Amino acid sequence: MAEHGTDEPSSRTGSPDGECQVLEDRSLLHQRLAVRELIDTEVSYLHMLQLCASDIRSRLQQLPQGDLDVLFSNIDDVIEVNNRFLHDLQETESREEEQVHLIGNLFLKFQEELERVYKVYCASYDQALLLVEAYRKEPELQREIQGIIETVVPQAGPSGLSFLLVIPLQRITKYPLLLQKILENTVPDASAYPVLQRAASALQDVNTNINEYKRRKEVASKYTKVEQLTLRERLARLNTHTLSKKTTRLSQLLKQEAGLVPKTEDKEFDDLEERFHWVSLCVTEMKNNMAVYLDNLEAFLRFRPQEYDLDIPGGPVVQYCSLMRELQLQAFPQFKQRLEGLVWQPLCSLAKALAGPQNLIKKRLDKLLDFERVEEKLLEAGSVTYEEQEARHTYQALNSLLVAELPQLNQLAMHWLGQILCTFVGLQRDLAKHVLQRAEGSLAQLPHSHLSEPAFRKLVEDTLGQTGHQLRSFRENLDKVLPPPATQPLLPGAERQVQALLSRYGPEKLYQVTSNISGAGTLDLTLPRGQIVALLQNKDTKGNSSRWLVDTGGHRGYVPAGKLELYRVTPSQEEVRGQEWPHKDSRHLTPEPTPAPVSSVPVVTQVVAVYPFVARSSHEVSLQAGQLVTVLEAQDKKGNPEWSLVEVNGQRGYVPSSFLARAPSPAPWGWSLPS
């Protein structure tokens, strides 16, 4: 009996059922160890992240904020997601029987969030390493950084920052391995097995997507750089390889336009690109308008009527001057300062932020032409070179990145622009409120403050009507005293250019620039006062009639219509034109009616400048309308009566004779007007 009892356990252990039970127990033990490793390492990992975000980042204040943003990227978002993940992971410990099943579902639940935060961190990792390498070239700074890290994280060792920055990358790549370890120790027929399989596959996909996103960002960063290169620098970059690529792309584009090869259609991207260009146009237009608004505001602040002697004694004028002086010194300068800080600077930043994507969209078109050519070759030959395969991948990476991120960029840009507009409206409202508050006391003391609004409006309309009638009468009488409007003098050496424009376009198309023009846009012209141009079209491509397309005889472009006046061709110019080109239509040979030339002013005569004149050389002198001028010689050195030598405020120089008029005898109240 004893022997039989002794043999029974050994026979049970050696049976197949006994061996299976031992294997199951061993697998269960390894499974629990793998789960414990997952939870324990997650606790340690999260603790290390919190040390980086709180202790280390706060002590590296000697580094610029921009460097800290690159080094630690979105580590706060990573901590927030992993903190919730760890909390849910630890809660599974209370349900040991279904813990493995819950862990699989937990990874599936956090799949999208993990991918979202880790792809941003991983994409900026290479840039962070470049900063670390730069710090190593500064021994003193490197010692400070190393000392801080060794104090907080002694196990970092000599690697320092590199050791800490790589931890999130190591963690996200380790999740599939930990899940695989749990899966290997789970029996295939267990209910948790398919869930763990899906979780392991999902985390593999997360890592694949992160790598693809990182590759796309690297390609994009290569093409988003906006370089301001001179023509010489651009030519220096040309070589046989770049010329070959550009020629191939042009050939592909011409084939598509001719219909010889099909053109790739991508409606999704086309819609996104159209919306992006619309947003960019809105930003550009608002930036231009805001620049003009600031210029006008600056001009308004320079004009200070309260500082002039209005020759009106006391009363409302004193109150008005006091109020305007206070507003000019405080309210309006404060408004201008807030406008520049809260509207203009954010608007410039927004325009700058859109420059990179604009360049990326342009590069996508180049890469699309390369892609289409390679696809065409692949269909014909069945194989492509390594370089051509890389061109395919580059286009696919650029296109995928733009399609994925342009919607968000468009939305953010529109939100940003909307906030800027709301801020601008708010600043205008605050200015109006501030001015009314300051003026409240003064307005109560002004005349007619007791009148109702309709009565005051009627009073203002009547007063303006009477004043307007007086001004019209004054202008009519003044026109009888002043000589007729004179044509601006031509620029030196411009006669040949005027003759060329006259023969090509006729006198009815010639205009003269009345004031200096500084071109702001790409197609805008910069012209001096007095320049003769020929009108090509009285509106721009958008139908804006305030910008005219003109020809200077050498360049074509747009100028403000308000700075042009019809040029009055002199009879001598028409005669030359008729002699040199007798075959032209005789209708163009008839000059427009021109005013009779003003007779030469007697020598050493006191006259008045009728029009302002800006000197363009050291031989000329500037005039202001109404300024007293002494004529020294009524002609230039060549005997030309169109120019007079004058003296103004102690300065001598030539001015157009037609800009001068004899000064009428003064009367007690100003000009003596004819009855």
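For the structure given in this document, a descriptive report is provided here. If you're wondering where the values come from, they're calculated on a predicted model, not measured in any experiment.

**Details of the pattern of salt bridges**
Applying the stated rule across the entire model yields 31 salt bridges. Here Asp126 ties to Lys214 by a salt bridge, and the two come within 2.7 Å at their closest N and O atoms. Here Asp126 is found in helix 7 (residues 125–136), whereas its partner Lys214 is found in helix 11 (residues 192–223), with 88 residues between them in sequence. Residue Lys214 is classed as buried on the basis of its relative accessible area, which comes to 16%. A salt bridge links Arg457 to Glu453; the nearest nitrogen and oxygen atoms lie 3.4 Å apart. Taken as a pair, Arg457 and Glu453 lie in helix 17 (residues 453–481) at a separation of four residues, close to a single helical turn. The structure contains a network of salt bridges with shared partners spanning Glu80, Arg84, Glu113 and Arg116.

**Notes on the packing of helix 4 (residues 75–91) against helix 6 (residues 111–123)**
Interhelical geometry of helix 4 versus helix 6 gives an angle of 155° and a closest axis separation of 9 Å. Relative to helix 6, the element helix 4 lies roughly antiparallel. Crossing of helix 4 against helix 6: the hand is left-handed. The residues of helix 6 that touch helix 4, namely those facing Asp77, Val78, Val81, Asn82 and Arg84, are Glu113, Leu114, Arg116, Val117 and Tyr118. Class assignment of the residues belonging to the contact of helix 4 with helix 6 gives a composition of five nonpolar, one polar and four charged.

**Let's talk about the nonpolar core**
With 65 residues, the main nonpolar core has Ile56, Leu71 and Phe107 as its most contacted residues. If you tally residues by element for this core, the top one is helix 2 (residues 16–59), at 12 residues. Leave out the neighbours within four places in its chain, and Leu71 touches Leu63, Tyr121, Ala128, Leu131, Val132, Tyr135, Leu161 and Leu165. Among the nonpolar cores identified, the runner-up in size contains 39 residues, and Phe269, Val279, Phe335 and Ala439 belong to it.

**Topic: the packing of aromatic side chains**
Each aromatic ring pair is summarised here by two numbers: the centre-to-centre distance and the angle between the ring planes. Evaluated as defined, the whole model comprises 11 aromatic pairs. The interplanar angle of 75° and the centroid separation of 5.5 Å between the aromatic rings of Tyr611 and Phe659 together place this pair among those described as edge-to-face. Linking Tyr611 in the loop between strand 6 (605–609) and strand 7 (628–633) with Phe659 in the loop between strand 9 (651–656) and strand 10 (660–662), this pair joins segments that are 48 residues apart in sequence. For Phe659, a relative accessible area of 1% gives the class buried. An aromatic cluster is built from Phe85, Phe107, Phe110 and Tyr175, whose rings are joined through pairwise contacts. Across from the ring centre of Phe72, 5.9 Å away, lies the NZ or CZ of Arg57, which sits over that ring. Above the face of the Phe269 ring, Arg364 is positioned so that its terminal group lies 3.6 Å from the ring centre.

**Concerning a nonpolar patch on the surface**
A contiguous nonpolar patch, built from Leu451, Phe456, Val460 and Leu464 and spanning about 330 Å² of accessible area, is present on the exposed surface. Here Phe456 shows up in helix 17.

**Points about the pairing of strand 1 (residues 510–513)**
Strand residues, when the strand is regular, have side chains that alternate between the two faces of the sheet. Judged by which residues are buried, strand 1 turns out to be covered on both faces: Leu510 and Gln512 on one side and Tyr511 and Val513 on the other are all buried. Alignment of strand 1 against strand 2 (residues 532–537), held across three bridges, turns out to be antiparallel. Looking at strand 2, one finds that Tyr511 is bridged to Val533. Pairing between strand 1 and strand 5 (residues 564–566): three bridges, direction antiparallel. Residue pairing across strands places Tyr511 opposite Leu566, the latter belonging to strand 5.

**Focus: the packing of helix 6 against helix 10 (residues 167–184)**
In the contact formed by helix 6 and helix 10, the axes pass within 10 Å of each other and the chain directions differ by 140°. As far as their axial angle goes, helix 10 and helix 6 are oblique. The handedness of the crossing between helix 6 and helix 10 is left-handed. Along its contact with helix 6, which presents Leu114, Tyr118, Tyr121 and Cys122, the element helix 10 presents Pro168, Leu169 and Ile172. In terms of residue class, the contact of helix 6 with helix 10 is built from seven nonpolar, no polar and no charged.

**Things to note about helix 7**
Given 3.6 residues per helical turn, the α-helix brings residues three or four places apart onto the same face. End to end, helix 7 covers 17 Å across 12 residues, agreeing with the expected 16 Å (1.5 Å per residue, within 8%). Burial in helix 7 covers these residues: Tyr125, Ala128, Leu131, Val132 and Tyr135. The buried residues of helix 7 occupy one face: seen down the axis, they fall within an arc of 115°. In this structure, the buried side of helix 7 is in contact with helix 3 (65–72), helix 6, helix 8 (139–152), helix 9 (161–165) and helix 10.

**A look at the sheet that holds strand 5**
Spatially, five strands are ordered 4-3-2-1-5 in an open sheet, and the strand pairing comes out antiparallel. The sheet is open, and its two borders are formed by strand 4 (556–560) and strand 5, each paired with just one other strand. Pairs of neighbouring strands in the sheet enclose a mean axial angle of 50°, with direction left out of account. Here strand 3 (residues 547–551) runs beside strand 4; their pairing, made up of five bridges, is antiparallel.

**A short note on the sheet that holds strand 6**
On the basis of which strands lie adjacent, the open sheet formed by five strands has the order 9-8-7-6-10 and antiparallel pairing. The strands lining the two open edges of the sheet, one partner per strand, are strand 9 and strand 10. This sheet shows a mean twist of 50° between the axes of neighbouring strands, independent of strand direction. Two strands pair when backbone bridges link them, and strand 8 (residues 643–648) and strand 9 are joined in this way by six bridges, in the antiparallel orientation. Across the sheet, Val646 pairs through a bridge with Gly653, a residue of strand 9.

**Remarks on the side chain of Gln99**
With respect to the helices, strands and loops of the structure, Gln99 is situated in helix 5 (residues 99–109). Judged by relative accessible area, which is 11%, Gln99 ranks as buried. Apart from the residues lying within four places of it in its own chain, the contact partners of Gln99 are Val35, Ile39, Thr92 and Glu93.

**What about the side chain of Asp540?**
Within the secondary structure, Asp540 sits in the loop between strand 2 and strand 3. Classification of Asp540 as buried rests on a relative accessible area of 6%. In this structure the side chain of Asp540 is engaged in a polar contact, spanning 3.0 Å, whose partner is the backbone nitrogen of Lys542.

**Thoughts on helix 4**
Helix length check: helix 4 (17 residues) gives 24 Å between terminal C-alpha atoms against 24 Å at 1.5 Å per residue, within 8%. Taken together, the buried positions of helix 4 are occupied by Ile75, Val78, Ile79, Val81, Asn82, Phe85, Leu86, Asp88 and Leu89.

What counts, and at which threshold
- Residues numbered from 1 in each chain as written.
- Predicted model: local features only at pLDDT ≥ 70, side-chain atom pairs only at ≥ 80, totals over all residues.
- Heavy atoms only, no water.
- Salt bridge = Lys/Arg side-chain N within 4 Å of Asp/Glu carboxyl O.
- Helix = DSSP H or I, 4+ residues; strand = E, 2+ residues; numbered from the N terminus.
- Buried < 20%, exposed > 50% of the residue type's maximum accessible area, 1.4 Å probe, protein only.
- Axes fitted to C-alpha atoms, helices over the stretch in contact; angles between N-to-C directions.
- Parallel < 35°, antiparallel > 145°, perpendicular 65-115°, else oblique.
- Left-handed = near helix turned anticlockwise from the far one by under 90°.
- Contact = heavy atoms within 4.5 Å.
- Nonpolar A, V, L, I, M, F, W, Y, C, P; charged D, E, K, R; others polar.
- Core = buried A, V, L, I, M, F, W, Y, C linked by side-chain atoms within 4.5 Å.
- Phe/Tyr/Trp six-rings, centres within 6.5 Å; stacked < 30°, edge-to-face > 60°.
- Lys NZ or Arg CZ within 6 Å of the ring centre and 35° of its normal.
- Patch = residues over 30% accessible without salt bridge, like charges linked within 9 Å, V, L, I, M, F, W, Y side chains within 5 Å.
- Areas by Shrake-Rupley, 256 points an atom, 1.4 Å probe, with all protein chains shown as cover.
- Pairing = 2+ DSSP bridges.
- Expected span 1.5 Å × (residues − 1).
- Arc of directions from axis to C-beta.
- Polar contact = N/O pair within 3.5 Å; in protein donor to acceptor, adjacent residues only side chain to side chain.

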